[in-house]
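Below, each chain spelled out in residue letters.
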Number of protein chains: 4
Amino acid sequence: METAILRLHCCDVKGIVYNVSRFIYEHNGNIINAEQYAEAIDNRFFMRVYFDSSQLRCTRETFCEGLRELAAAFDMETAITFSDQRKRMAVMASKYDHCLYDLLLRHRYGEINADLALVVSNHRELEHVAASFHIPFFYVPVTKDTKSEAEARALELFAAHHVDFVVLARYMQILTDDFARRYEHRIINVHHGFLPAFKGAKPYHQAYEHGVKIIGATSHYATAELDMGPIIEQETMRVDHTHSVDALVAMGRDLERNVLAAAVKAHADDRIMVYQRRTIVFR
Amino acid sequence: METAILRLHCCDVKGIVYNVSRFIYEHNGNIINAEQYAEAIDNRFFMRVYFDSSQLRCTRETFCEGLRELAAAFDMETAITFSDQRKRMAVMASKYDHCLYDLLLRHRYGEINADLALVVSNHRELEHVAASFHIPFFYVPVTKDTKSEAEARALELFAAHHVDFVVLARYMQILTDDFARRYEHRIINVHHGFLPAFKGAKPYHQAYEHGVKIIGATSHYATAELDMGPIIEQETMRVDHTHSVDALVAMGRDLERNVLAAAVKAHADDRIMVYQRRTIVFR
Amino acid sequence: METAILRLHCCDVKGIVYNVSRFIYEHNGNIINAEQYAEAIDNRFFMRVYFDSSQLRCTRETFCEGLRELAAAFDMETAITFSDQRKRMAVMASKYDHCLYDLLLRHRYGEINADLALVVSNHRELEHVAASFHIPFFYVPVTKDTKSEAEARALELFAAHHVDFVVLARYMQILTDDFARRYEHRIINVHHGFLPAFKGAKPYHQAYEHGVKIIGATSHYATAELDMGPIIEQETMRVDHTHSVDALVAMGRDLERNVLAAAVKAHADDRIMVYQRRTIVFR
Amino acid sequence: METAILRLHCCDVKGIVYNVSRFIYEHNGNIINAEQYAEAIDNRFFMRVYFDSSQLRCTRETFCEGLRELAAAFDMETAITFSDQRKRMAVMASKYDHCLYDLLLRHRYGEINADLALVVSNHRELEHVAASFHIPFFYVPVTKDTKSEAEARALELFAAHHVDFVVLARYMQILTDDFARRYEHRIINVHHGFLPAFKGAKPYHQAYEHGVKIIGATSHYATAELDMGPIIEQETMRVDHTHSVDALVAMGRDLERNVLAAAVKAHADDRIMVYQRRTIVFR
């Protein structure tokens, strides 16, 4: 079955659900699931419609043209994706392998609704990991002086491999604003920080010294302007004084891979909408 | 703002969202939120629509008549409630007060979208609790020989107080089938059992002896035919060998009040649909 | 059975467990439970011993004198409490009642190993709550100009009621440094902030705007010098875009009462040791 | 630093902590951590002592001889392990790779205090996984008629590789009683069942049909006589109607690897004691 996912948001006025569902119905689509969310602060209406598009009575181009007209009438921002255009993801990693293994395994189990197109790394350590899963690996070293060339090389590789979104699987390089903007809301990062986040060096040591009882991790879209872009997923674990710094680091690995995987799944399923500084993550 | 909630389920065919949203649109309602769920096993489609009904162009009777016609056309089961018809709940309790206090407090905080009409108990111990919250309390004793009279008396009280649904807040009496059927899917119970549930007497002692690492509680609709009707909410907590039976009992109180409150909120918000042996609990 | 709890910490040298257990054994005490914890960073050894003291061969004074000698030999900081000297707690509250009710109920269930001596409030709203549980209530109003008199009055009341520790159950007044120092590590507060904490006004609104996926609360000892003293307990809950600010506030109530109750129980059980900026909370 | 772990349990009488700590002190050991637990039901005392054994004044044989005398005096069951005798584990797997990958990675991160000696499987599918981590892999096929030969072959391999304990990482064969007895309390299994466990075929489908709101997994020691031996670790996750059977299966993979890893870590650290049908898992 060929399906499509339509995401849209607009000012909350009467008739949106009706007009959207009528548009799909009149083109012979069949709604499988639809979620709406009315935002109180800005009076904004968000909608995600998952529908059977295999019986559409017109070409896809005509359908999208009609959708543009509908969007114009309601001043909607829309995005539509079709199930036969499976997304392709790039993974960027450095030396830590826990997030990379996790993504490779979940990809193979079919948990992630995307193709894993390539792995790009500024080190050679993880080449054998990608190889053991038969995923192309590219070594793109980065030095202080070659960051822009390295990013250009990565962008070339992404273009050549038709990459739709990028996952930073503990990639230990800061991206330039320009790079972040090129894949706006399409770069997923994992923040290995605690909640409440301790700033500066050795956050795990600081957490230990303060005797926190809960640690956590956060996945988010990487953005150019902000330290941390819109949050996609967060998870916490209980700790106590018996947990050594090593034990905290080990728990951090589990937290990081969990929140990163959840964010990647949600992005691949087109379940995320970004509005201002926050995400709406439909189920 | 006057609002309404429409819940429906039917065989999953094309055009349901469109026809339902058109019906609401043509009567000048405005959808605030709608959730759908397509059930894979039985090809069943569930929908909950929350809409602004303050500008309806017809009488409520005419609207409901139109809804019945729509339902007939799609062989739908439907239920509609209006925000000006606030639900009224009865609480049945015995001697344990933790669930009763929790409901009284949440009710007063405005967390529960229903009026707390009365408390019925087979003991007098909790009369002062109801009184301190200014809720009518009725003592309806139950003995082996007077169960049917007692239930008849409770039903009378419920009728007199226009009760829509009943919450068993650790009410230590088994209900008759007849009573359960009179309020089918409108009696909410809490099961104080562990997961996995140990059958028979002293479940906490059994759990202790087996060294379980997790305990839990379950809220569900009380049904006539089954020991445990459709599950509404479950919650678990981690335990270990350091937890005494007393500690487990204390944790059980917290679990019970949490899952019962979550179920009562969901029911009061018309977020639950029952289908066969299971619930769909919309958010 | 009369029991005692000995807590101590000292530099980690050989023979501490042996010497402590010998001391107890030679005085005819019987260890029921003992926990140790060796701190890696500062090479500090913490120990909590729970022992049967009903057969002690000497007076309690002699026992404590011997303990002082042992402590001197190892440069230990020690604290000992006996089960017949049940702690007495004061609760300070303002208008919010959720933490107060929770403490009153848990106290009555026997979950808190302390007497609830009195409630002090800067408002009259909760007087009836304390009254319904037969706990003395004192109205001690506070204005900008009368803070020191009000604190003096509270301290008088605490002295008169033999108060050992103070619980700030959403008490909406900032304490003076002097007050905090008088009950150092004996004032338990609950921080209603999110993790990561948003500073400034309306933290719940800020959290909503940032689309956080987890909220939390923290209980801690109130200290004079720090905004937040040593953390005792933390708890988090998952949220998403469907949670309104009202829903977040309701969840905040649950979080606050849970973390406050856990801290009060741990303090009453003499399970907490404070070292520098952090707590060790034995089980 | 050479360390040792002493675990013991006996009837709870006066002087156990004193005598054990004296024994260690007099042999010039230094206690780093000790945990005790007094069992209420059977008046049983459990103790785990972790101590620095690098300065012992006698041979290890003499120390162990002394320990046997102490054990005899108190009718204790004891077990002692030394840090230079690192445990060796065997992993048995079939075709599912999620638990195997998880153990291989955690082993490499140093999270598991044991050597991963070999992988034994009744299929060839996971040979390349073991190979990519440089762990010996042995294919030991099992048919209905060759189960005893296959088990004999596995036992031979375990003996040749000096295996101390066995991890069933989704090994899809039932062990014979004889095999289970040979490694009593040294075979760790993961139960992929739900809580409450649905018996019989297709537990995930049954859970779906009952609309459970929580799923879980359990790790335990495999025993000869019981379907499920003493529980070591359990974990749960929240689910709702939106989770398909596929989603439940994916969550099941995460649960299984988590509870299995936690059990393996605890076993490797000598933190588990088995008493009757339950475990005490020290921290």
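Position labels on residues start from 1 in each chain and follow its written sequence. The lettering of chains begins at A and the numbering of ligands begins at 1, in the order of writing. Restriction of local features to residues with pLDDT of at least 70 applies here, the model being predicted, together with a cutoff of 80 or more for giving and counting side-chain atom pairs; totals for whole chains, interfaces and linings are based on all residues. Calculation of side-chain values draws on the structure's entire complement of heavy atoms; hydrogens and water are dropped beforehand.

A. A look at the overall build of chain A. Secondary structure follows DSSP: runs of H or I at least 4 residues long count as helices, runs of E at least 2 residues long count as strands, and numbering of each begins at the N terminus. The number of helices and strands found in chain A is 8 helices and 13 strands. The C-alpha atoms of chain A give a radius of gyration of 21 Å, which matches the 19 Å a tight globule of 283 residues would have. Seen through its C-alpha atoms, chain A measures out along the principal axes to roughly 60 × 40 × 35 Å. Only protein chains enter the accessibility calculation, which uses a 1.4 Å probe; a residue whose area is less than 20% of its type maximum is buried, one above 50% is exposed, and one in between is partly exposed. Within chain A, buried positions represent 60% of all 283 residues. A sequence separation of at least 24 residues applies to 66% of the contacts in chain A between residues at least 6 apart. About 11600 Å² of surface is accessible on chain A, with carbon and sulfur atoms providing 49% of the total. As used throughout, the charge tally considers Lys and Arg to be positive and Asp and Glu to be negative, leaving His and the chain termini uncounted. For charged residues, the charge sits on one atom: NZ in Lys, CZ in Arg, CG in Asp, CD in Glu. One way to put it: in chain A the 33 positive side-chain charges average out to a point 2 Å from where the 38 negative ones average out. For a compact globule the rule gives 2.2 Å times the number of residues to the power 0.38, and the radius of gyration it is set against comes from C-alpha atoms. Between two residues, a contact is recorded if the distance between any of their heavy atoms is within 4.5 Å. To measure how exposed things are, a 1.4 Å probe is used in the Shrake-Rupley method; for residues, cover is taken only from the protein chains shown.

B. Focus on unusual backbone geometry. Residues and elements named next belong to chain C. Even without being glycine, Asn 28 reaches a positive phi, approximately 75°. Take Asn 28: it is sitting in the loop between α1 (16–26) and β2 (30–39). Of the residues examined, Asn 28 reaches a relative accessible area of 15% and is grouped as buried. The phi dihedral of His 185 falls on the positive side, at around 60°, and the residue is not glycine. Structurally, His 185 can be placed in the loop between α6 (177–182) and β9 (187–191). Here His 185 falls in the partly exposed class, since its relative accessible area comes to 25%.

C. Local environment of the sheet that holds strand β7 (residues 137–139) of chain C. Residues and elements named next belong to chain C. Taken together, 7 strands build an open sheet; the order of strands is β7-β6-β5-β8-β9-β10-β11 and the sheet is mixed. Only two strands of the sheet have a single neighbouring strand rather than two, namely β7 and β11 (231–238). Neighbour to neighbour, the strand axes of the sheet diverge by 20° on average, direction disregarded. At least two bridges found by DSSP between two strands is the condition for calling them paired. Relative to β11, strand β10 (residues 214–221) is paired through 7 bridges, and the arrangement is antiparallel. Bridged to Gly 216 within β11 is Thr 236. Interaxial angle, 0 to 180 degrees, is taken between N-to-C directions of lines fitted to C-alpha atoms, where a helix line uses only the stretch in contact. In this fold helix α3 (residues 98–108) packs onto β5 (87–93), β6 (114–121) and β8 (165–168), with an angle of close to 155° to the strand it touches most, β6. Against the sheet, helix α8 (residues 245–268) makes contact with β5, β6, β8, β9, β10 and β11, and its axis sits at roughly 30° relative to β10, the strand it touches most.

D. View of the side chain of B:Glu151. Residues and elements named next belong to chain B. In this structure, Glu 151 sits in helix α5 (residues 147–160). Salt bridge, as applied in this entry: a Lys or Arg side-chain nitrogen positioned within 4 Å of an Asp or Glu carboxyl oxygen. Despite its burial, Glu 151 remains without a salt bridge, the nearest opposite charge being carried by Lys 147 at 5.1 Å. The contact partners of Glu 151, leaving out residues within four places of it in the chain, are Ile 174, Leu 175, Thr 176 and Phe 179.

E. Structural view of helix α5 (residues 147–160) of chain D. Residue and element names in this part refer to chain D. The terminal C-alpha atoms of α5, which comprises 14 residues, lie 20 Å apart, in line with the 20 Å expected from a rise of 1.5 Å per residue. All of the buried residues in α5 are Ala 150, Glu 151, Ala 154, Leu 155, Leu 157 and Phe 158. All buried residues of α5 project into a common sector of 160° when viewed along the axis, lining one side. For α5, the exposed residues lying more than 90 degrees away from the buried face are Ser 148, Glu 156, Ala 159 and Ala 160. If you follow the buried residues of α5, they end up packed against β5 (87–93), β6 (114–121), β7 (137–139), β8 (165–168) and α6 (177–182). Just past α5, the residue His 162 takes up positive phi, approximately 55°. Here the expected length of a helix is defined as 1.5 Å per residue gap, with one fewer gap than residues. Starting at the helix axis, one direction is taken to each C-beta atom, and the arc is that of these directions.

F. View of the environment of A:Arg186. All names here are of chain A. Mapped onto the elements, Arg 186 comes out in the loop between α6 (177–182) and β9 (187–191). Arg 186 sits in the partly exposed class, given a relative accessible area of 30%. When the C-alpha atoms of Arg 186 and Ala 169 are compared, they prove to be 14 Å apart, with 17 residues separating the residues in sequence. Pairs of N or O atoms within 3.5 Å make up the polar contacts considered here, provided that, within protein, one atom can donate a hydrogen while the other can accept it, and that residues adjacent in sequence are counted only when both atoms are side-chain atoms. Here the side chain of Arg 186 touches Asp 164 through a polar contact of 3.0 Å, landing on its backbone oxygen.

G. Summary view of the packing of aromatic side chains. Any pair of Phe, Tyr and Trp rings, taking the six-membered ring for Trp, is counted once the centres come within 6.5 Å. Such a pair is stacked with planes under 30 degrees apart, edge-to-face with planes over 60 apart, and tilted for the rest. Under the counting rule described, the total for this entry stands at 44 aromatic pairs over all chains. Three or more aromatic residues joined by ring pairs form one cluster here, namely A:Tyr18, A:Tyr25, B:Tyr18 and B:Tyr25. Counting as a charge over the ring demands two things of the Lys NZ or Arg CZ atom: a distance within 6 Å of the ring centre and an angle within 35 degrees of the ring normal. Here B:Arg60 stacks its cationic end above the ring of B:Phe82, 3.9 Å away from the centre of that ring.

H. Spatial organisation of the confidence of the model for chain A. What pLDDT conveys is the predictor's confidence in a given residue, as a value from 0 to 100. Across chain A, the average pLDDT comes to 91, with 92% of residues at 70 or higher. Both scores are available for the predicted complex, with the pTM at 0.93 and the ipTM at 0.91.

I. Structural view of the packing of helix α3 (residues 98–109) of chain B against helix α8 (residues 245–268) of chain B. Residue and element names in this part refer to chain B. Look at α3 against α8: their axes get within 9 Å of each other, and the N-to-C directions meet at 40°. The angle between α3 and α8 falls in the class oblique. Seen along the crossing, α3 lies across α8 with a hand that is right-handed. Along the contact surface, α3 presents His 98, Cys 99, Asp 102, Leu 103 and Arg 106, while α8 presents Arg 253, Glu 256, Arg 257, Asn 258, Leu 260, Ala 261, Val 264 and Lys 265. What sets the label is the angle itself: under 35 degrees gives roughly parallel, over 145 gives roughly antiparallel, 65 to 115 gives roughly perpendicular, and the rest give oblique. By the definition used in this description, the sense in which the near helix is turned from the far one sets the handedness, with an anticlockwise turn below a right angle giving left-handed and a clockwise turn giving right-handed.

J. Inspection of the domain arrangement of chain A at higher detail. Residue and element names in this part refer to chain A. Start and end points for every domain follow an automatic or database-based domain assignment. Examined at the domain level, chain A breaks down into domain 1 (3–82) and domain 2 (87–281). Computed from C-alpha atoms alone, the centre-to-centre distance between domain 1 and domain 2 is 31 Å. At the interface, 12 residues of domain 1 touch 11 residues of domain 2. The partner of Arg 278 in a salt bridge is Glu 39, with the nearest N and O atoms 2.9 Å apart. At the surface where domain 1 touches domain 2, the tally comes to 6 residue pairs in polar contact (both at pLDDT 80 or more). Where the side of domain 1 that touches domain 2 is concerned, the elements lending two or more residues are β1 (3–11), β2 (30–39) and β3 (44–52). Its residues placed into classes, the side of domain 1 that touches domain 2 shows 5 nonpolar, 2 polar and 5 charged. Polarity classes work like this: nonpolar for Ala, Val, Leu, Ile, Met, Phe, Trp, Tyr, Cys and Pro, charged for Asp, Glu, Lys and Arg, and polar for all others, with Gly in that last group.

K. How the structure looks around α3(B). Residues and elements named next belong to chain B. With 12 residues, α3 extends 17 Å between its outermost C-alpha atoms, agreeing within 8% with the 16 Å of an ideal straight helix rising 1.5 Å per residue. By the criterion of burial, α3 is predominantly enclosed, with 9 of the 12 residues buried. Every buried residue belonging to α3 is among His 98, Cys 99, Leu 100, Tyr 101, Asp 102, Leu 103, Leu 104, Leu 105 and Arg 106, and all of these are buried. The positive-phi residue at the C-terminal boundary of α3 is Gly 110, with phi of around 80°.

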